[in-house]
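# Structure assessment
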Amino acid sequence: MSSPKTRRWVFLMKKGYQDTDTSLQSSIITKVKGVTFTNTSELGERLWDVADYVIPPQGENIFFVITNLIVTPNQRQETCAESESIPNAVCSEDSDCPPGEPVMAGNGVRTGRCLRAENVHRGTCEIFAWCPVETKSRPEKPLLSKAEDFTIYIKNFIRFPKFNFSKTNVLDTKDRDFLKSCQFGPKNLYCPIFRLGSVVSWTGSNFQEIALQGGVIGIQIEWDCDLDKAPSECNPRYHFSRLDSTFPGNSVSSGYNFRFAKYYRDADGVEFRTLMKAYGIRFDVMVNGRAGKFNIIPTVINVASGVALMGVGSFICDLVLIYFIKKSNFYRNKKFEEARSSHPGNAKVNVEQLQNLQTVEA
């Protein structure tokens, strides 16, 4: 059975006297800031700002920062050879390319022709698709390698409806320059502006590696509020973790990427596009919390439970002494002593009986 000290510890340290609310209501607003410059053969000289590398742009609790790209410019809907890297597109003759059938895991629909170079027995099927198809491999260095100096602003509003208590993770100040100059740190919890490279390093990852092939990072904001104390004692705690599985070497399962396109029309009104395969870091901002406040009902319930446990302890001791020890008859007779009117002396315990009781063996 638990001791009185243990019961007091559970009651006080676990706040058994409080009513709790775990139905946290939360809202997240995010903003990324930073610019960088690149010069590539596909895009030329280009300045990248937040409108170029953040998806989606409206600042939700899940957002993606582009750090690397494969660019396939000037794609038009016409016929061309399917990529040689697509196994289902390999052919030796036209009959291997039935017209109208899509290429599995490919880029278009077969036209019925097998395209082969001279004196080569194998080729690839001709397809109707956005041509030319994507053929380039991932760059060996991230395009936006300086993105680690970008900053992430995470504003979090919370409310515990049971106690009608609300708070935010941003310092309540009228200084308009505060958020322009501050940065998050152990002594600056109410400036939720994080350097992107620092967030990656806090997960134990290397920024240049994750920027090359992409990844997923979780940012956990935890609110554990004791509302019997001042509101200033209710502070956010941040946890950073790498959510996607990392594999050794260049595993095909590593990283995070997706494709999107930007569409245009030429002078003749014909549509064309630039296809981009984007690698980058996806951020998932998650919030949980708990609030507690004194309430007489849980206090009474927990105190009564403690008292009941003490009663159960006495009952179990009696059970052992009455039924499981060698001289249980003596204890039973003394526990449930019968008053005999004709022999009042029987109710008295002599010295020999007391000595026997003290030397009882279980």
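Above: the structure in question.
Residues numbered from 1 in each chain as written. Predicted model: local features only at pLDDT ≥ 70, side-chain atom pairs only at ≥ 80, totals over all residues. Heavy atoms only, no water.

## Some details on a nonpolar patch on the surface
Residues V35, F37 and L47 make up a contiguous nonpolar surface patch of roughly 330 Å² in combined accessible area. Along the chain, L47 falls in strand 4 (residues 44-48). (Patch = residues over 30% accessible without salt bridge, like charges linked within 9 Å, V, L, I, M, F, W, Y side chains within 5 Å. Areas by Shrake-Rupley, 256 points an atom, 1.4 Å probe, with all protein chains shown as cover. Salt bridge = Lys/Arg side-chain N within 4 Å of Asp/Glu carboxyl O. Helix = DSSP H or I, 4+ residues; strand = E, 2+ residues; numbered from the N terminus.)

## Describing the pairing of strand 4
In the sheet, strand 3 (residues 36-40) pairs with strand 4 via five bridges, with the strands oriented antiparallel. Bridge pairing in strand 4 links T38 to R46. Here strand 3 folds back onto strand 4 in antiparallel fashion, the turn holding three residues. (Pairing = 2+ DSSP bridges.)

## Some remarks on the state of the cysteines
Overall, the coordinates contain five disulfides when judged by the stated rule. Sulfur-sulfur distance for the disulfide between C182 and C191 comes to 1.8 Å. For the disulfide bridge between C182 and C191, the dihedral angle about the S-S bond is near 80°, and by the sign convention the bridge is right-handed. In this structure, C182 and C191 share a single accessibility class: buried. Assigning the bonded cysteines of the chain consecutive numbers by sequence position, one obtains the connectivity 1-6, 2-4, 3-5, 7-8, 9-10. (Disulfide = S-S within 2.5 Å. Buried < 20%, exposed > 50% of the residue type's maximum accessible area, 1.4 Å probe, protein only.)

## Observations concerning the environment of K162
With respect to the helices and strands, the residue K162 is situated in the loop between strand 10 (151-160) and strand 11 (165-168). Judged by its relative accessible area of 48%, K162 falls in the partly exposed class. The sequence separation of K162 and S23 amounts to 139 residues, and the corresponding C-alpha distance is 8.3 Å. Beyond its immediate chain neighbours, meaning those up to four positions away, K162 contacts D19, T20 and D21. There is a polar contact of 2.9 Å between the side chain of K162 and the backbone oxygen of T20. (Contact = heavy atoms within 4.5 Å. Polar contact = N/O pair within 3.5 Å; in protein donor to acceptor, adjacent residues only side chain to side chain.)

## Focus on the nonpolar core
Membership of the largest hydrophobic core comes to 44 residues, with the highest contact counts inside it found for Y53, L196 and F283. Beyond its immediate sequence surroundings of up to four residues, F283 is in contact with N61, I62, F63, V65, I152, L196, V199, I217 and I219. Ranked by size, the runner-up nonpolar core spans eight residues in total, among them C80, A89, V103 and A129. (Core = buried A, V, L, I, M, F, W, Y, C linked by side-chain atoms within 4.5 Å.)

## Some words on the side chain of T72
Along the chain, T72 turns up in strand 6 (residues 62-81). Note on T72: relative accessible area 7%, which makes it buried. Those residues in contact with T72, other than ones at most four positions away along the chain, are P132, V133, E134, R273, T274 and L275.

## Re a positive patch on the surface
Side chains of K31, K33, R176 and K180 sit close together on the surface and give a patch of like positive charge. Turning to its location among the elements, K31 is positioned in strand 2 (residues 25-33). The class for K31 is partly exposed, based on a relative accessible area of 48%. (Lys, Arg positive; Asp, Glu negative; His and termini not counted. Charge placed at Lys NZ, Arg CZ, Asp CG, Glu CD.)

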